[in-house]
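A closer look at the structure
Residues per chain, in single letters:
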Amino acid sequence: MIGIFDSGIGGLTVVRAVMDALPDHDIVYFGDTARTPYGNKSGRTVVEYSIQNTEFLIEKGAKIIVMACNTASSVATQTLQDRFNLPIYEVISPAVDLALEQTRKNIIGVIGTRATIESGIYEEKIRRRSPETKVHSAACPLLVPLVEEGWTNKPETRMIVKKYVHPLKVRQIDTLILGCTHYPVIKPIIAHKIGKKVRIIDSSVALAGQIRQFLTDNPETNARLGKNGTTRFYVSDITRQFQKTAKSVIRRPIELNRVDLHL
């Protein structure tokens, strides 16, 4: 199976994108809803969580691991790649690749959790590829809780998004990376507040495309994956709001299975 993990609801946007890109492939998802958000945790803690999440997905049959969490991707990628002998995908590199393809003025904005922004991972990857590109970042710590709470079309959410993206708008970015997989859930609000001239980079779509290309280029790996079109959803805590939001993101009824990782 293709194993995908995130701290909560946001990773479901990656699940949806992978389902669209690879509709026949089997997927197993783990949302660490009991410990969300990861964005305000220390790097050491996020690495520990990421190892536990990966071990769980492998136990469930994952042959590819997808880190559908920008915070985990920014601090735990190298550890997972060193520790586990299977393909490990993160959400940051595909978004950077797509942003550099689409920017016209070489002025890119990034929004994400505090941990992701403070890691400087997007600036590092962008400047390594394109030293002349300017990068402006903004931490948006309130957006994940708002999405988790289901406040996806509230006046308060629109007001907070406007405040967060205003400094990027002033700097006249032409491309904005959604540096958290929760953010596509409120992409219409973000797109409206940043302005129609700014191209929005959805890391979930970019990542799904990269995985599809990898499997095309590596048929031996693709042959080891189940292709019954099934998707299993596991979470560390089940709430009514998560069930409601998950259904709207996946766009169909889903069964959530609660698991205890003995944490």
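Scope of this entry: the structure provided in the associated data block. (Residues numbered from 1 in each chain as written. Predicted model: local features only at pLDDT ≥ 70, side-chain atom pairs only at ≥ 80, totals over all residues. Heavy atoms only, no water.)

Next up on the list: helix α12 (residues 240-250). Along α12, the positions that sit buried rather than exposed are F242, T245, A246, V249 and I250. End-on view of α12: buried residues confined to an arc of 125°, all on one side of the axis. Residues of α12 that are exposed and point more than 90 degrees away from the buried face comprise R240 and K244. Those residues of α12 that are buried lie in contact with α1 (11-21), α7 (143-148), β9 (231-235) and β10 (256-258). Positioned one or two residues after α12, R251 has a phi angle of 70°, which is positive. (Buried < 20%, exposed > 50% of the residue type's maximum accessible area, 1.4 Å probe, protein only. Helix = DSSP H or I, 4+ residues; strand = E, 2+ residues; numbered from the N terminus. Arc of directions from axis to C-beta. Contact = heavy atoms within 4.5 Å.)

Let us look at the environment of A246. With respect to the element layout, A246 can be found in helix α12. As a C-alpha pair, A246 and G10 span 236 residues in sequence and 9.2 Å in three-dimensional space. With sequence-adjacent residues up to four places away left out, A246 is seen in contact with L12, R251 and I254.

This structure, assessed with the given rule, holds eight salt bridges. With a shortest N-O distance of 2.3 Å, R129 and D97 are connected by a salt bridge. In this pair, R129 sits in helix α6 (residues 121-129) while D97 sits in helix α4 (residues 92-102), placing the two residues 32 residues apart along the sequence. Given the relative accessible area of 25%, D97 is considered partly exposed. A salt bridge links R128 to E124; the nearest nitrogen and oxygen atoms lie 2.4 Å apart. With R128 and E124 both in helix α6 and four residues apart, the pair spans about one turn of that helix. Exposure remark for R128: the relative accessible area of 56% places this residue in the exposed category. A single network of salt bridges, built from pairs that share partners, joins R16, D20 and R251. (Salt bridge = Lys/Arg side-chain N within 4 Å of Asp/Glu carboxyl O.)

Moving on, we get to the sheet that holds strand β6 (residues 134-139). One open sheet accounts for four strands, arranged β6-β5-β7-β8; its pairing is parallel. Of all the strands in the sheet, just β6 and β8 (199-202) have a single pairing partner and so form its edges. Sheet twist, expressed as the mean angle between neighbouring strand axes with direction ignored, is 25°. α6 rests against β5 (107-112), β6 and β7 (175-179) of the sheet, and its axis sits at about 170° to β6. (Pairing = 2+ DSSP bridges. Axes fitted to C-alpha atoms, helices over the stretch in contact; angles between N-to-C directions.)

Here helix α2 (residues 43-59) crosses helix α3 (residues 70-83) at 55°, and the two axes come no closer than 9 Å. It follows from the interaxial angle that α2 and α3 lie oblique. The hand of the α2/α3 crossing is right-handed. When α2 is examined against α3, the residues G43, V46, V47, S50, I51, T54 and E55 are found in contact with a partner set consisting of T71, A72, V75, A76, T79, L80 and R83. Residue classes in the contact of α2 with α3 are distributed as seven nonpolar, five polar and two charged. (Parallel < 35°, antiparallel > 145°, perpendicular 65-115°, else oblique. Left-handed = near helix turned anticlockwise from the far one by under 90°. Nonpolar A, V, L, I, M, F, W, Y, C, P; charged D, E, K, R; others polar.)

To continue, consider the environment of S236. Along the polypeptide, S236 turns up in the loop between β9 and α12. Residue S236 is classed as buried on the basis of its relative accessible area, which comes to 8%. For the pair formed by S236 and V259, sequence separation is 23 residues and the distance between their alpha carbons is 5.2 Å. Reaching out from S236, the side chain makes a polar contact with the backbone nitrogen of T33 at a distance of 3.0 Å. (Polar contact = N/O pair within 3.5 Å; in protein donor to acceptor, adjacent residues only side chain to side chain.)

Moving on to unusual backbone geometry. Of all residues except glycine, most have a negative phi; of all peptide bonds, most are trans. Residue P37 is reached from T36 by a cis peptide bond, and omega for that bond is -5°. Examined against the element boundaries, P37 turns out to sit in the loop between β2 (27-31) and α2. Phi angles above zero are rare outside glycine, and N106 is one such case at about 60°. Position of N106 relative to the elements: it lies in the loop between α4 and β5. With a phi close to 60°, Q172 is a non-glycine residue in the positive phi region.

It is worth spelling out the side chain of K125 at this point. Mapping K125 onto the fold places it in helix α6. No salt bridge is formed by the buried K125, whose closest oppositely charged neighbour, E90, lies at an N-O distance of 4.2 Å. One polar contact links K125 to S93, side chain to side chain, over a distance of 3.2 Å. Non-local contacts of K125, meaning those with residues more than four positions away in its chain, are made with E90, I92, S93 and V96. (Lys, Arg positive; Asp, Glu negative; His and termini not counted.)

That is the geometry; function is a separate question.
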